[in-house]
Amino acid sequence: MRTKNAKTIHLKDYRPPDYLIDEVELVINLQDESTHVTSRLHIRKNPASEAIKPELKLDGEALQLQNIELDDQPLGKEAYQVDERSLTVPNVPERFTLTTQVVIYPQQNTNLEGLYRSGGLYCTQCEAEGFRRITYYLDRPDVMARFSTTITASQTDYPVMLANGNCVDERELEDGRHQVSWKDPFPKPCYLFAMVAGNLQFQQDCYTTCSGREVDLRIYVEPENIDKCGHAMSSLKKAMAWDEAQYGREYDLDIYMIVAVNDFNMGAMENKGLNIFNSKYVLARADTATDSDYQGIEGVIAHEYFHNWTGNRITCRDWFQLSLKEGLTVFRDQEFSSDMGSRGVKRIEDVRLLRNHQFAEDAGPMAHPVRPDSYIEINNFYTVTVYEKGAEVVRMQANLLGPGLFRKATDLYFQRHDGEAVTTDDFVRCMEDASGRDLSQFRLWYSQSGTPVLEVEAEYKVQQSSYRLRFRQHCPDTPGQQNKKPFHIPLEIALLNSEGRELQLQLRNEAEPQGTRRLLELSEADQQFTIVGLDEKPVPSLLRGFSAPVKLRYPATDEELMFLMARDTDPFNRWDASQALAQRTLLNLVADYRAGKTLELAEGLVKAFETALSNETADKALLSEVLQLPGESTLGDQMEVVDVEAIHHVREWLRHALASRLRQRLLAVYQQNGSQSPYDIDPVSIARRRLRNLALDYLMQLHEPEIHKLCFEQFEKADNMTDVMAALSSLANTDCPERDLALAAFEKQWIGEPLVMDKWFAVQANSRLPGTLQRVRALMNHAAFSLRNPNKVRSLIGVFCSMNISAFHKIDGSGYAFLADQVITLDRLNPQIAARMMRIMSRWRRYDDQRQALMHAQFERVLSHSEISKDVYEIASKSLAEAADDQ
Ligand code: B3K
Ligand code: ZN
């Protein structure tokens, strides 16, 4: 049973390493069946070590040790011990070299960690603990060493061989083999090690840094994809310039390489000087990639680039500090994308992700703090909490300090900790030292899990011309955490008069108004602010820009929401008001439906939509966000017990009802925003396509043959993948003759493009038509599908189970059994991906008794399997653990 390794690791047990490694010399010999790795480590005792015995214990998994030498003297069998997870040398000097030779089998590596083959390509993924599958090492991020890497392989099969740093030697060997050596001058933890070998071509460009150094930029891809690298390259150059301008960060090596691979567990990896990417986040051409693919590429390229400073130059002391690099780097990439596109829309997208996924995680059995206290498998902690909530926690500090002091604080962070492995606490200390502020209470955001709820009461007193805002905060219990302390919450507010103008804000104890927008700081469980000098009752605009990751409960009337939707000066809050209004409407309809009443369309919402659609000058990007109804999972989160059928029925009903009431307007929007050739990815064109396709999707609810024709025409004529996919996904949800025609034509055209086929799988998996699960099962036998390719698993299985809510949660339990089947099969191939899939069902307690019993049984089934990985074990067992508080 693989779960015998399922041991919990605790932050409180952190100890500095007993030994340090200064230099690593690796020789990696790629052969047909196996790979031979020789490593020579220059080791010395850590002065900070607390150990008494002179014992060196290195991590190593799935390695066959061939030879071991200490200071160039072979060690006999009695001088060391090897087990499944480590190599121990009991008696070592204070300073020495250790040379080991191991054999590994990248061809058989399906878990895509360590060194593996993807197609004809060798590549690595070492974060978090993959390096121990390449050689014996101190596989922890606080051991930083200088790496030299020599790779040898067949010249014809692997003409390109890359590793971190700069290329220092290339030579031909005998028997058609060749050898390349790379040297990385910057000390780094081994999780940032990378190597690649294969038959690759590259697009090249060059960037001159702010100090005038030339950097060679290269994007390596398989030859057939060489025409799809342009967008990634221009994104990289924008990111480099932005980091210089915004943070004063200059790139530090002579070369920056990105390699695209098809089989990759996540989005991309920031290995020093040699990023390895899921091809999904590199390859784009107008006819193969959608607008959101283009935006995803820009964001991920920037994210990995920004890691060079926030992650690589300054890294994490231990994996509990993961958010030190991930939260900060996500915040940086969010700000970059805002500067490149529409700030308001970017904020909406980020908050939507946070609310839908992170709030759900925080309210379920896997809830954990931004800095977790414990884990069984660290790969399970690359979560929306560590990433997205972590970014919000950095954002709050940036807002509390203001732009000038925040820049001063990050400068201090880079200067103070360059070359070190540090903690989130070290980061906060830089914020404090640069600003003179005390952030001790603020630190609770790192250690307390759960989403705080903020109840607001407002009272206007005519006689005093005053307005009192009362805020009460509490945070629900989460696994292992009860009775939490109040958070330090930055809350941006403005007050609007009846014309939508921002009013001057003067608090009771202040001599004069301090402007119209305020960042109130809450620090107590119950707190009040009184604003004076107001001649009329204002409409409050609260939590502007979503200034803190909290659930705000303010009892706004429908009229207030409609007013804010039209007039709020904060674009985020205009959208938020629209969502609150739509959510209220939908939840009322759900209640009516459950009570057996006939459904009636609320006029308020129709009017609000109509006004929004008729506004000629509206920002189309924002309008598209406003017109989207909250998703089924968001609505489920608002209910005591999720009523899968009622939510699905009511939401579909409302979409249909809105479409038929607004038919003419929607058609006009569709026609007025006709596609323009050639395809352009500027924000204005993106917004136009988005709005037009949203109108089309509403119209498709009407089931009119004319509209089906219109949709099919768009599918056939569009010159870009955005419009093609919009049409195809509407058709995939519609029972009409054009549906099969479109799906077949698409398949025929794109069968040779794996990334495009992912889209074909995904639209079918997400179809609302009956029989989708059978279709998904059948598609698993399609020639283009493979369980070994994570993108395929996510597109077909992941989309069906996590997005097609009503089909997955069908009351016969077929969806749950399907998921468990896939987890069990996948776990043998790739535990990380299996665990990601298992997580989909972790909030099973939110459903009715019948569904709970069905999901419970599937968890039990997975857990009863003898060979289950610790990845899946952790998710399944924690999901079943007694609930602390699930909503
Ligand atoms: N740091 C990597 C994620 C590694 C995940 C390991 N299971 C990508 C990123 O966040 O940039
Ligand atoms: Zn990252």
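Residues numbered from 1 in each chain as written. Chains lettered and ligands numbered in written order. Predicted model: local features only at pLDDT ≥ 70, side-chain atom pairs only at ≥ 80, totals over all residues. Heavy atoms only, no water.

Each helix and strand in the protein was counted, giving 26 helices and 31 strands. Over its C-alpha trace the protein gives a radius of gyration of 28 Å, about what one expects of a compact globule, namely 29 Å for 887 residues. Residues counted as buried form 60% of the 887 residues belonging to the protein. By sequence separation, contacts in the protein at least 24 residues apart represent 71% of the contacts at least 6 residues apart. (Helix = DSSP H or I, 4+ residues; strand = E, 2+ residues; numbered from the N terminus. Rg over C-alpha atoms; globule rule 2.2 N^0.38 Å. Buried < 20%, exposed > 50% of the residue type's maximum accessible area, 1.4 Å probe, protein only. Contact = heavy atoms within 4.5 Å.)

Here we come to the packing of helix α10 (residues 603-614) against helix α11 (residues 620-627). Relative orientation and spacing of two packed helices are given, respectively, by the angle between their axes and the distance between those axes. Remark: α10 packs on α11, axes separated minimally by 10 Å, with the N-to-C direction vectors making an angle of 165°. It follows that α10 is roughly antiparallel to α11 by the angle criterion. Crossing handedness for the pair α10 and α11: left-handed. Residues Phe609, Ala612 and Leu613 of α10 form the contact with α11, whose participating residues are Leu623, Val626 and Leu627. Class assignment for the residues of the contact of α10 with α11 results in six nonpolar, no polar and no charged. (Axes fitted to C-alpha atoms, helices over the stretch in contact; angles between N-to-C directions. Parallel < 35°, antiparallel > 145°, perpendicular 65-115°, else oblique. Left-handed = near helix turned anticlockwise from the far one by under 90°. Nonpolar A, V, L, I, M, F, W, Y, C, P; charged D, E, K, R; others polar.)

Quick look at the domain arrangement of the protein now. Domain boundaries in the protein define domain 1 (1-97 + 127-198), domain 2 (200-313) and domain 3 (319-552). Between domain 1 and domain 3, the C-alpha centre-to-centre distance is 41 Å. With 13 residues of domain 1 in contact, the opposing surface of domain 3 contributes 18 residues. Together, the buried faces of domain 1 and domain 3 total about 1,300 Å²; carbon and sulfur atoms form 61% of this surface. Applying the counting criterion to the domain 1 and domain 3 interface returns one salt bridge. In this assembly, domain 1 and domain 3 are joined by four residue pairs in polar contact (both at pLDDT 80 or more). Its residues placed into classes, the side of domain 1 that touches domain 3 shows seven nonpolar, two polar and four charged. (Domains from an automatic or database assignment. Buried area = accessible area lost by both parts, 1.4 Å probe. Salt bridge = Lys/Arg side-chain N within 4 Å of Asp/Glu carboxyl O. Polar contact = N/O pair within 3.5 Å; in protein donor to acceptor, adjacent residues only side chain to side chain.)

What follows covers the site of ligand 1. Neighbouring ligand 1 are 14 residues; Glu127, Glu270, Glu304, Asn379 and Tyr387 lie closest to it. Glu127 is positioned with one of its side-chain polar atoms (N or O) 2.6 Å from a nitrogen atom of ligand 1. Between ligand 1 and Lys325, the relevant distance is 3.4 Å, taken from a nitrogen atom to a side-chain nitrogen or oxygen of the residue. Protein contacts shield 95% of the accessible area of ligand 1, which totals 340 Å² for the unbound molecule. For the shell around ligand 1, the secondary structure elements donating two or more residues are β20 (268-269), α2 (291-306) and α3 (322-340). Looking at the shell around ligand 1, its residues break down into five nonpolar, four polar and five charged. Looking at which domains feed residues into the shell around ligand 1, each of domain 2 (200-313) and domain 3 (319-552) gives three or more. (Near = heavy atom within 4 Å. Areas by Shrake-Rupley, 256 points an atom, 1.4 Å probe, with all protein chains shown as cover.)

It is worth spelling out the sheet that holds strand β25 (residues 453-461) at this point. If you walk across this open sheet you meet the four strands as β29-β26-β25-β31, and the pairing is mixed. Each having just a single partner strand, β29 (526-531) and β31 (551-553) make up the two edges of the open sheet. Strand-to-strand twist across the sheet, computed as the mean angle between neighbouring axes with direction ignored, equals 20°. Note that β25 and strand β26 (residues 466-474) share nine bridges and pair antiparallel. Note on β26: the bridge partner recorded for Lys461 is Ser466. (Pairing = 2+ DSSP bridges.)

With that settled, consider the packing of helix α1 (residues 230-247) against helix α5 (residues 384-417). Where α1 contacts α5, the axes come no closer than 10 Å and their chain directions differ by 110°. Classified by the angle their axes make, α1 and α5 are roughly perpendicular. Residues Ala245, Gln246 and Tyr247 of α1 form the contact with α5, whose own contacting residues are Phe406, Arg407, Thr410, Asp411 and Phe414.

In the numbering used here, UniProt assigns the feature "domain: Peptidase M1 alanyl aminopeptidase C-terminal" (unreviewed entry) to residues 558-881. Helix makes up 73% of residues 558-881 and strand makes up 0%, while its end C-alpha atoms are separated by 41 Å. (UniProt positions renumbered as here; feature names shortened; annotations may be inferred.)

Moving on, we come to the sheet that holds strand β13 (residues 160-163). Across the sheet, which stays open at both edges, the four strands sit in the order β10-β11-β16-β13 with antiparallel pairing between neighbours. In the strand order of this sheet, the two ends are held by β10 (114-118) and β13, each with one partner. The average angle at which neighbouring strand axes cross in this sheet is 15°, direction not considered. Strand direction decides the pairing type here: β10 and strand β11 (residues 121-125), joined by five bridges, are antiparallel. Across the sheet, Gly114 pairs through a bridge with Gln125, a residue of β11.

Right, let's get into the coordination of the zinc ion (ligand 2). Protein coordination at the zinc ion (ligand 2): the donors are His303 (NE2), His307 (NE2) and Glu326 (OE), at 1.9 to 2.1 Å from the metal. Written as a sequence motif, the donor residues of the zinc ion (ligand 2) are H-x3-H-x18-E. (Donors = N, O, S within 2.8 Å, 3.2 Å for Na, K, Ca; no water.)

This paragraph deals with the environment of Phe529. Examined against the element boundaries, Phe529 turns out to sit in strand β29. Residue classification places Phe529 among the buried residues on the basis of a relative accessible area of 14%. Spatially, the C-alpha atoms of Phe529 and Leu507 are 7.0 Å apart, while their sequence positions differ by 22 residues. Apart from residues no more than four positions distant in its own chain, Phe529 is found in contact with Tyr467, Arg468, Leu469, Phe471, Leu507, Leu520, Glu521 and Leu522.

Here we take up α10. With twelve residues, α10 extends 16 Å between its outermost C-alpha atoms, agreeing within 8% with the 16 Å of an ideal straight helix rising 1.5 Å per residue. Of the residues making up α10, those classed as buried are Leu605, Val606, Ala608, Phe609, Ala612 and Leu613. With its buried residues spanning 165° around the axis, α10 presents them on a single face. Where α10 is buried, its residues meet α8 (558-567), α9 (571-594), α11, α13 (644-661), α14 (663-672) and α15 (683-700). (Expected span 1.5 Å × (residues − 1). Arc of directions from axis to C-beta.)

Formed by 282 residues in total, the largest nonpolar core has its most connected members in Tyr137, Met195, Leu658 and Phe746. Of the residues forming this core, the biggest block, 14 residues, is contributed by α5. (Core = buried A, V, L, I, M, F, W, Y, C linked by side-chain atoms within 4.5 Å.)

Moving on: the side chain of Ser337. Along the chain, Ser337 turns up in helix α3. Taking the relative accessible area as the measure of exposure, Ser337 reaches 12% and is therefore buried.

What follows deals with α14. Along α14, the residues that are buried comprise Leu666, Leu667, Val669 and Tyr670. Axial view of α14: buried residues confined to an arc of 160°, hence all on one face. Relative to its buried face, α14 has exposed residues pointing more than 90 degrees away, namely Gln664, Gln671 and Gln672. Those residues of α14 hidden inside the fold are in contact with α10, α13, α15 and α16 (705-717).

So, about the pattern of salt bridges. Tallied over the entire structure, the rule returns 79 salt bridges. Arg468 is the partner of Glu459 in a salt bridge, and the nearest nitrogen-oxygen pair spans 2.9 Å. Classification of Glu459 by relative accessible area gives partly exposed; the value is 32%. A salt bridge links Arg739 to Asp740, with the shortest nitrogen-to-oxygen separation between them at 3.8 Å. Taken together, the shared-partner salt bridges in this structure form one network comprising Asp59, Glu61, Arg85, Glu113, Glu129, Arg132, Arg133 and Asp139.

Okay, the UniProt feature "domain: Peptidase M1 alanyl aminopeptidase Ig-like fold" (unreviewed entry) in the protein next. The residues that UniProt annotates with the feature "domain: Peptidase M1 alanyl aminopeptidase Ig-like fold" (unreviewed entry) are residues 450-554. A helix fraction of 0% and a strand fraction of 41% characterise residues 450-554, whose end C-alpha atoms lie 20 Å from each other.

Another aspect to go through is the environment of Asp723. Checked against the element boundaries, Asp723 lands in helix α17 (residues 721-732). Asp723 gets classed as buried once you look at its relative accessible area, which sits at 2%. On a C-alpha basis, the gap between Asp723 and Thr290 in space is 8.0 Å, while along the polypeptide they are 433 residues apart.

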